[in-house]
Amino acid sequence: MTALAFHVQSGTGAELFDLKQHPHRRFNALTGEWVLVSPHRTQRPWQGQVEKLPPDTRPEFDPKCYLCPGNPRAGGVLNPSYEATFVFDNDFAALRPDTPPGGFESGGLLKAESEYGRCRVVCFNPRHDLTLARMGVDQIVPVVKTWVGQFAELGADPRLNYVQIFENRGEMMGASNPHPHCQIWASESIPNEPTKELASQTAYRTGSGRCLLCDYAALEERLGERVVCANESFLALVPFWAVWPFEVLLLSRRHFAGMDGLEEREQPALADILRRVATRYDNLFETSFPYTMGFHQKPTDGAEHPEWHFHAHYYPPLLRSATVRKFMVGYEMLATPQRDITPESAAERLRGLAERHHLDI
Ligand code: H2U
Ligand code: ZN
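Owing to the predicted nature of the structure, the values given are computational and were not obtained by experimental measurement.

Novice: Whenever I open this one, the overall build of the protein confuses me. Can you help?
Specialist: The secondary structure content of the protein amounts to six helices and 14 strands. A compact globule built from 361 residues should have a C-alpha radius of gyration of about 21 Å, and the protein, at 22 Å, falls within 12% of that. Taken over the C-alpha atoms alone, the protein extends approximately 75 × 55 × 45 Å along its principal axes. Looking at the 361 residues of the protein, the share that counts as buried comes to 47%. Put simply, 68% of the contacts in the protein that link residues at least 6 apart link residues at least 24 apart. Counting every atom, the protein has about 17,800 Å² of accessible surface; 56% of that belongs to carbon and sulfur. Across the protein, the 37 positively charged side chains and the 45 negatively charged ones have centroids separated by 4 Å.

Here is the structure:
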């Protein structure tokens, strides 16, 4: 199947619009926002330094790490000597269950609402030196099972209407510790990004009777050019509307809305695709590739959410090397996000990489 291109006749003649050459904006069907794509700018000579970072070598146990087994955390609590995953309430929680209900309003313009919530930290593994890229599928499955349990437990609280599971990896992304871990923030309100996605998925379902991301996954699989890797249950691709240079969208093949709908046989498949995406990322610039990733699941507000399709986003900042990152400044802060390399060429590069970690070769 070929994509449809259209051209507009001008006074001096016609030129066929080409996604690979001409500045254009792309529509993000999930958020309803646009991204400016400037493919001609990749012809610019790059005169910056291409630096390599020393390999990410860490000890298996770090006596100063507040996530390693047996070590004290802030406030003095000792971590247990855990063997697989370990979950604890964040000692510096941004959302707290003891928040009194209430609000503030002034002049119709100043508005505030009390926000009830809980924040937790999940250690993926006792080993300080591991990352999802270097853990085996059998080590990642317990992480998946922990997410399933946390989503069910937090989602069952009638006052928690959204559960955000996310991993900040690398100093560049503000991660405070290299020990493999993620965070969970569960809130009373549905946050901004899921709210936009909820509106788009609902509108699509109302208009067509189908699921937006089921249709999108099928379309991308047919076109093939933005797919990075896949297994029997999941598809990893650079979305058509990607903002970050090597952004990835992870989609389940089957339609379900949250971790509670994940079948037992899909747990190792999710672990497999997480490992493969993370390994490809590390192999891209032979670094411990920084990113923020997180799952977008149905709100836990008690509604069924047939419109919602389980997925995860990876937002990595690196652009050209282990040290050259994309900034979201200037035009992007004031107007619209912009990218130079096309999602198609980013997908091609990611697709060409090995799934065996460069440090394990
Ligand atoms: P990040 O690396 O993504 O910042 O996550 C680590 C979290 O761990 C962070 O939210 C928490 C921080 O508040 N933390 C504790 O709960 N206890 C500690 O002793 C240190 C850090
Ligand atoms: Zn540690």
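Novice: I would appreciate a short explanation of the coordination of the zinc ion (ligand 2) in the present structure.
Specialist: Tetrahedral metal sites with four donors have an ideal angle of 109.5 degrees; octahedral sites with six donors have ideal angles of 90 or 180 degrees. For the zinc ion (ligand 2), the full set of protein donor atoms is C65 (SG), C68 (SG), H128 (ND1) and H179 (ND1), at a range of 2.0 to 2.3 Å. One can describe the site at the zinc ion (ligand 2) as tetrahedral: its four donor atoms subtend angles covering 104 to 115° at the metal. On the primary sequence, the residues serving as donors to the zinc ion (ligand 2) are separated as C-x2-C-x59-H-x50-H. Of the two residues, C65 sits in the loop between β2 (34-37) and β3 (86-89) while H128 sits in the loop between β6 (117-123) and α1 (137-155), which places them 63 residues apart along the sequence. With respect to burial, C65 and H128 carry one shared label: buried.

Novice: I tried to follow the domain arrangement of the protein on my own but got confused; where do I start?
Specialist: Note on interface size: it is often stated as the accessible area lost on association of the parts. Each assigned domain of the protein is listed here: domain 1 (74-187) and domain 2 (190-360). Centre-to-centre separation of domain 1 and domain 2, based on C-alpha positions: 20 Å. Taken together, the contacts link 28 residues of domain 1 with 42 residues of domain 2. Summed over both sides, the interface between domain 1 and domain 2 buries roughly 3,000 Å², with carbon and sulfur atoms accounting for 61% of that surface. Here domain 1 and domain 2 share three salt bridges between them. Among the secondary structure elements, those contributing two or more residues to the side of domain 1 that touches domain 2 are α1 and β7 (162-169). The dominant element in the side of domain 1 that touches domain 2, judged by the number of residues it contributes, is α1, at nine residues.

Reading the values: the criteria
Residues numbered from 1 in each chain as written. Chains lettered and ligands numbered in written order. Predicted model: local features only at pLDDT ≥ 70, side-chain atom pairs only at ≥ 80, totals over all residues. Heavy atoms only, no water. Helix = DSSP H or I, 4+ residues; strand = E, 2+ residues; numbered from the N terminus. Rg over C-alpha atoms; globule rule 2.2 N^0.38 Å. Buried < 20%, exposed > 50% of the residue type's maximum accessible area, 1.4 Å probe, protein only. Contact = heavy atoms within 4.5 Å. Areas by Shrake-Rupley, 256 points an atom, 1.4 Å probe, with all protein chains shown as cover. Lys, Arg positive; Asp, Glu negative; His and termini not counted. Charge placed at Lys NZ, Arg CZ, Asp CG, Glu CD. Donors = N, O, S within 2.8 Å, 3.2 Å for Na, K, Ca; no water. Tetrahedral: all angles 85-135°; square planar, octahedral: opposite > 155°, others 65-115°. Domains from an automatic or database assignment. Buried area = accessible area lost by both parts, 1.4 Å probe. Salt bridge = Lys/Arg side-chain N within 4 Å of Asp/Glu carboxyl O.

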